[in-house]
Amino acid sequence: MNALTTRLWLASIGIALAIAAGCAGVTPATDGFLARSALQRTIIAGSPSPPPGHLYVDHYGKFYGYRLPLTVSSKPQLSLVEAPDQSLPPQIAVNAYGLVAIVTPAEIRLFRPPIVSFARSKAKTIVPLTPAMTQIGPSGADLADIEFDPNGNLWLFSALGGEITELRAPVNVKSVASIVIPFGAPGTKTANYGVVQGRFDVGANLFVYGQSATSATIFKTSFPYARPLSPIGINVAQADFVDSSQFLTSYSNPVTVILGQYFGPLASPPPQQPPPQPVNVIAQFAEPLNPMLGLFPNATSNDVVGALTADAPRTVFYTLAASNGRLSVYPLPLVRNAKPKLSLACLAGVAHCDGKSEHLFLAP
């Protein structure tokens, strides 16, 4: 944590020079604001303890809260509709302190724990979405994803042209985008790709999963986001990034890995042979990635998941099955052909469980 924080702090000091040099890919929304805000950041991620106390599960607009650790007899403590006044499920994200952001096409609704209802009247803060925050279309904002970064800033991933924006914490009615990152722009490495998901690691590096008509891959840009996004060479949806610093100090095998739903080959083809057939599996990639050895997973499990999040202090990760929303617990690090340590059925019914969008979040 100390070394990571130091590197990020030194990087933030250099942001003004990077902007002055005209680095492509990031637009500060207000002159000078990006440089000042970067210097004011306080990195809160990287602490390996205490383990999270709750797991929040989103099944296509239905929200469940479980106390950790999970057991075969676990039942949700919370069962709520995320946007009772909306016809379609909203976007949802949860920060490190359990603050829940519910985002509709018109507004951001922030709920602080303890949460007993997602009725609009119960929101701690309601912030109307404006063109100064994200792209707005005829029907309002069309967001592919929303995410909190390790510092509690809220990021909006627009499906209207692929614009990615950051709203600095605390989000309020005066918020405007402090960072604007184009995605899919002609002439860039993301050209012809659309935004699907955004993720952050403990170092506040931004990873964006993008899809084109013929391929999909993860793109990365590092704090302070002054460089354009570049592909890292693997097709991993639902990605989570585990740093060795997140394990408890008593654990003897800390690892730094990427976890997610991988689509691709498991090995290079023999000489003069066709490439092997791609697989669609849960996979683990050891970091740092080494393109010289081939970007292949070091462990896989035969399942297809629609959401994944790692709980390093407990040496497990949680998944939701893409087909039926089943909640499962896998060992971390992943071992070859691993089976779930336990599984719990989706309680939200077919309309919310079977093949629908889903999310997992750890909370205090």
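Since this is a predicted model, take the numbers as computed values, not measurements.

Q: Tell me about the packing of aromatic side chains, and name the residues and values.
A: In this structure the tally under the stated criterion is 12 aromatic pairs. Between Trp155 and Tyr225, the aromatic rings sit 5.1 Å apart at their centres with planes inclined by 75°, giving edge-to-face as the arrangement. Of this pair, Trp155 sits in strand S10 (residues 154-158) while Tyr225 sits in the loop between strand S15 (216-221) and strand S16 (230-231), placing them 70 residues apart in sequence. By relative accessible area, which is 0% here, Trp155 ends up buried. On the basis of an interplanar angle of 90° and a centroid distance of 5.7 Å, the ring pair of Phe223 and Tyr225 is categorised as edge-to-face. Overall, the relative accessible area of 7% leaves Phe223 in the buried class.

Q: Can you tell me about the state of the cysteines, naming the residues and giving the values?
A: For the structure on display, the rule yields 1 disulfide. Each sulfur of the disulfide joining Cys346 and Cys353 lies 1.9 Å from the other. Torsion about the S-S bond of the Cys346 and Cys353 cystine: about -70°, corresponding to left-handed handedness. The same class applies to Cys346 as to Cys353, namely buried.

Q: Give me the pairing of strand S13 (residues 194-200): which residues, what numbers.
A: Where burial is concerned, most of S13 is hidden: 5 out of the 7 residues are buried. In terms of strand pairing, S13 meets strand S14 (residues 206-211) through 6 bridges, oriented antiparallel. Following the sheet pairing, Arg199 is matched in S14 by Phe207. Taking the residues that link successive antiparallel strands as the turn, the S13-S14 hairpin has 5 residues, and the phi of Ala204 there is positive, at about 65°.

Q: Outline the environment of Leu154, supporting the account with residue identities and numerical values.
A: Within the secondary structure layout, Leu154 lies in strand S10. Linking Leu154 and Leu167, residues 13 residues apart in sequence, is a C-alpha distance of 5.2 Å. In contact with Leu154, other than residues within four places in its own chain, are Ala101, Ile108, Ile146, Glu147, Phe148, Thr165, Glu166, Leu167 and Val171.

Q: Describe in detail the pattern of salt bridges, supporting the description with residues and values.
A: Evaluation of the coordinates by the stated rule reveals 6 salt bridges. The shortest N-O distance in the salt bridge between Glu107 and Arg109 comes to 2.7 Å. In this structure, Glu107 and Arg109 share a single accessibility class: buried. Several salt bridges share partner residues, and in doing so they unite Asp85, Glu107, Arg109 and Arg120 into one network.

What counts and how
- Residues numbered from 1 in each chain as written.
- Predicted model: local features only at pLDDT ≥ 70, side-chain atom pairs only at ≥ 80, totals over all residues.
- Heavy atoms only, no water.
- Phe/Tyr/Trp six-rings, centres within 6.5 Å; stacked < 30°, edge-to-face > 60°.
- Helix = DSSP H or I, 4+ residues; strand = E, 2+ residues; numbered from the N terminus.
- Buried < 20%, exposed > 50% of the residue type's maximum accessible area, 1.4 Å probe, protein only.
- Disulfide = S-S within 2.5 Å.
- Pairing = 2+ DSSP bridges.
- Contact = heavy atoms within 4.5 Å.
- Salt bridge = Lys/Arg side-chain N within 4 Å of Asp/Glu carboxyl O.

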